[in-house]
Amino acid sequence: MNLQLDGKIAIVGGGSQGIGFGIARALADEGAQVVITARREADLATAARQIEEQTSGKVHFIAADCRKADDCVRVAREVRERLGGVDILVNNDGAPPVGDVVSFDDAAWFKAVEQNLMYPVRMVREVVPSMRERGGGSILNITAISAIQPISGLGLSVATWGGVIGYAKTLSMELARDRINVNTICPGYIDTSRLRKVFAAGEESSQSVQDRLAAEVPLGRVGTTEDIANLVALLVSPRGAYITGTAIQVDGGLLRGVR
């Protein structure tokens, strides 16, 4: 299926590795011009080169810290100046520390809010004018299954990503008249370094972690970054233009509730 992304301009956060890298590669493979952001310029340069080699797409990069308001403004401005505007925004970053909810002080909470909630709020505010000028666009937020089905120890993420889901739903209603769709993806167990960091017990090997977590998943495996990227590519494309205001779990059936 041709997703009709040729010539579209996309910003992908956390694009130097993991889910962000997979999303950037999928969009580049579909013909979009992709701008990846992350904090380390050397990692971004390596990722951009790898994606271009694998897809023949064009990938730009901007080193930035999404937790800083000035960096969000700078990224959006540079993309407009270099490429003429923004059609697609994928808000994606790492996650706050793991630990019991009551163990975190105010500073940790404010930092989590900056990273998980204020980052998308700021980036959206900067790119929406460009999307309106271009006749529409798509905004996609990456959170986690824990925002729907909380997991002990992930309270900072659960609370702040829950806020992202509510924010995105409201945003989808307010931007619908501008032909800008807004959706949220809630990945389950995905094979990334974050998965091992959160769920490894002691010196447990990566394969052991995957095998243990896969046993909890009805489909019997841990997901891949491609599982996330393929859905993102559809949702941000004209083929997914009638899908907005959703929070979709991509988890192999891990979510137990009915909603």
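Residues numbered from 1 in each chain as written. Predicted model: local features only at pLDDT ≥ 70, side-chain atom pairs only at ≥ 80, totals over all residues. Heavy atoms only, no water.

Describe the overall build of the protein chain, and please don't skip the residues or the numbers.
In terms of helices and strands, the protein chain carries 8 helices and 7 strands. Over its C-alpha atoms the protein chain spans a radius of gyration of 17 Å, differing by no more than 12% from the 18 Å that the globule rule assigns to 259 residues. Overall, the protein chain is about 50 × 40 × 40 Å in size when its C-alpha atoms are taken along their principal axes. Burial analysis of the protein chain (259 residues in total) assigns 50% to the buried set. Counting only contacts in the protein chain whose residues sit at least 6 apart along the sequence, the fraction spanning at least 24 positions is 73%. Accessible surface, the protein chain: about 12000 Å² in total, of which carbon and sulfur atoms supply 50%. Computed over 28 positive and 30 negative side-chain charges, the inter-centroid distance for the protein chain is 3 Å. (Helix = DSSP H or I, 4+ residues; strand = E, 2+ residues; numbered from the N terminus. Rg over C-alpha atoms; globule rule 2.2 N^0.38 Å. Buried < 20%, exposed > 50% of the residue type's maximum accessible area, 1.4 Å probe, protein only. Contact = heavy atoms within 4.5 Å. Areas by Shrake-Rupley, 256 points an atom, 1.4 Å probe, with all protein chains shown as cover. Lys, Arg positive; Asp, Glu negative; His and termini not counted. Charge placed at Lys NZ, Arg CZ, Asp CG, Glu CD.)

Provide a residue-level description of helix α1 (residues 18-29), including the pertinent values.
With 12 residues, α1 should reach 16 Å at 1.5 Å per residue; the first-to-last C-alpha distance of 17 Å fits that figure. Of all the 12 residues making up α1, 9 are buried; the element is thus mostly covered by neighbouring parts of the structure. If you check which residues of α1 are buried, you get Ile19, Gly20, Phe21, Gly22, Ile23, Ala24, Ala26, Leu27 and Ala28. Downstream of α1 by one or two residues, Gly31 has phi in the positive range, about 100 degrees. (Expected span 1.5 Å × (residues − 1).)

Report on the packing of aromatic side chains, specifying residues and quantitative values.
Enumeration according to the criterion identifies 1 aromatic pair in this entry. Between Tyr189 and Phe199, the aromatic rings sit 5.2 Å apart at their centres with planes inclined by 70 degrees, giving edge-to-face as the arrangement. Of this pair, Tyr189 sits in the loop between β6 (180-187) and α6 (193-199) while Phe199 is found in helix α6, placing the two residues 10 residues apart along the sequence. Accessibility assignment for this pair places Tyr189 and Phe199 in one class, buried. (Phe/Tyr/Trp six-rings, centres within 6.5 Å; stacked < 30°, edge-to-face > 60°.)

Which residues make up the pairing of β6, and what are the values?
Across the 8 residues that make up β6, a large majority, 8, are buried. Sheet topology note: the strand β5 (residues 137-142)/β6 ladder contains 6 bridges and is parallel. Note on β6: the bridge partner recorded for Leu140 is Asn183. Read from β5 through helix α5 (residues 155-175) to β6, the crossover connection turns out right-handed. As judged from the 4 bridges shared by β6 and strand β7 (residues 247-250), these two strands associate in the parallel manner. Counterpart to Thr184 in the pairing with β7 is Ala247. (Pairing = 2+ DSSP bridges. Right-handed = clockwise from strand over helix to strand, strands pointing away.)

Interpretation in functional terms is not warranted from these geometric data alone.
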